[in-house]
Amino acid sequence: MNNGRRFLAMLLLLISLTAYGAEMNNLGDYQWKSRLILIQSASETEGAVESLRDAHAELDDRDIIWFVNTGAGLVSNQARVSGGVEHDVNELFAKVRSEDRVLLIGKDGGIKSREPSLDLEAIFRRTDAMPMRIREMRTD
């Protein structure tokens, strides 16, 4: 009986670590779990971190994780950002046009929009029109 309890405790621990403590080591780790907003800091995106923090309920409802490259590092709504994620964000911004300061990435990993500035209402409209999001709203 003692082994059964120990096994159950280990199983519950593993489940909780997977659900809440799994470290995301690169952007690909978010695929099929979260939508992403990536922002390259510039005068056009000034105030982005505050706007994103203020919209946390709407972002959480849409499974959106955000990363803002401030130039001094990556700021996010994630508790911890790995060096691999920071590298992937920098690499992605190096590949897009310089005027593409805000990227919306779908759960499938595809870039859904490229914008020069942050417009959360437009991002929410675009996200809510995605087939996967429509299914999510029906099942909630």
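Data block above holds the structure.
Calculation rules
Residues numbered from 1 in each chain as written. Predicted model: local features only at pLDDT ≥ 70, side-chain atom pairs only at ≥ 80, totals over all residues. Heavy atoms only, no water. Helix = DSSP H or I, 4+ residues; strand = E, 2+ residues; numbered from the N terminus. Buried < 20%, exposed > 50% of the residue type's maximum accessible area, 1.4 Å probe, protein only. Contact = heavy atoms within 4.5 Å. Phe/Tyr/Trp six-rings, centres within 6.5 Å; stacked < 30°, edge-to-face > 60°. Lys NZ or Arg CZ within 6 Å of the ring centre and 35° of its normal. Pairing = 2+ DSSP bridges. Axes fitted to C-alpha atoms, helices over the stretch in contact; angles between N-to-C directions. Core = buried A, V, L, I, M, F, W, Y, C linked by side-chain atoms within 4.5 Å. Arc of directions from axis to C-beta. Polar contact = N/O pair within 3.5 Å; in protein donor to acceptor, adjacent residues only side chain to side chain.

A. Summary view of the side chain of Thr127. Position of Thr127 relative to the elements: it lies in helix α5 (residues 120–128). By relative accessible area, which is 0% here, Thr127 ends up buried. Beyond its immediate stretch of four places on either side in the chain, Thr127 contacts Arg35, Arg62, Ile64, Leu104 and Arg133.

B. Expanded view of the packing of aromatic side chains. Across all of its chains, the model carries one aromatic pair by this definition. Seen in terms of ring centroids, Tyr30 and Phe67 are 5.7 Å apart; in terms of plane orientation they differ by 70°. Their pairing is edge-to-face. Within this pair, whereas Tyr30 is found in the loop between α1 (2–21) and β1 (35–40), its partner Phe67 is found in strand β2 (residues 64–69), the two being separated by 37 residues in sequence. The same class applies to Tyr30 as to Phe67, namely buried. For Arg62, the ring lying beneath its charged end belongs to Phe124, and the centroid distance is 4.2 Å.

C. Summary view of the sheet that holds β2. Ordered in space as β3-β2-β1-β4-β5, the five strands form an open sheet in which the pairing is mixed. The open sheet has two edge strands, β3 (74–76) and β5 (111–115), and neither has a second partner. The mean angle between the axes of side-by-side strands here comes to 15°, regardless of whether they run parallel or antiparallel. Examined bridge by bridge, strand β4 (residues 102–105) and β5 share four bridges and lie antiparallel to one another. Residue pairing for β5: Leu103 is matched across the bridge by Arg114. Along the sheet face, helix α4 (residues 83–95) touches β1, β2, β3, β4 and β5 and points at about 65° away from the line of β1. Along the sheet, α5 contacts β1, β2, β4 and β5; its crossing angle with β4, the most-contacted strand, is approximately 20°.

D. Seen up close, the nonpolar core. In terms of nonpolar packing, the biggest core is built from 16 residues, with Ile37, Ile39, Leu52, Leu59, Trp66 and Leu120 touching the most fellow members. Secondary structure elements with two or more residues in this core: β1, α2 (48–54), β2, β4 and α5. With near-sequence residues (within four places) excluded, Trp66 lies in contact with Ile37, Val49, Leu52, Arg53, Leu59, Val75, Ser76 and Asn77.

E. Local environment of α5. Residues Leu120, Ile123, Phe124 and Thr127 constitute the buried set of α5. Within α5, the buried residues cover an arc of 100° as seen down the axis, which keeps them to one side. Where α5 is buried, its residues meet β1, α2, α3 (56–61), β2, β4 and α6 (131–139). Sitting at the amino-terminal end of α5 is Asp119, which places a side-chain oxygen 3.3 Å from the backbone nitrogen of Glu121.

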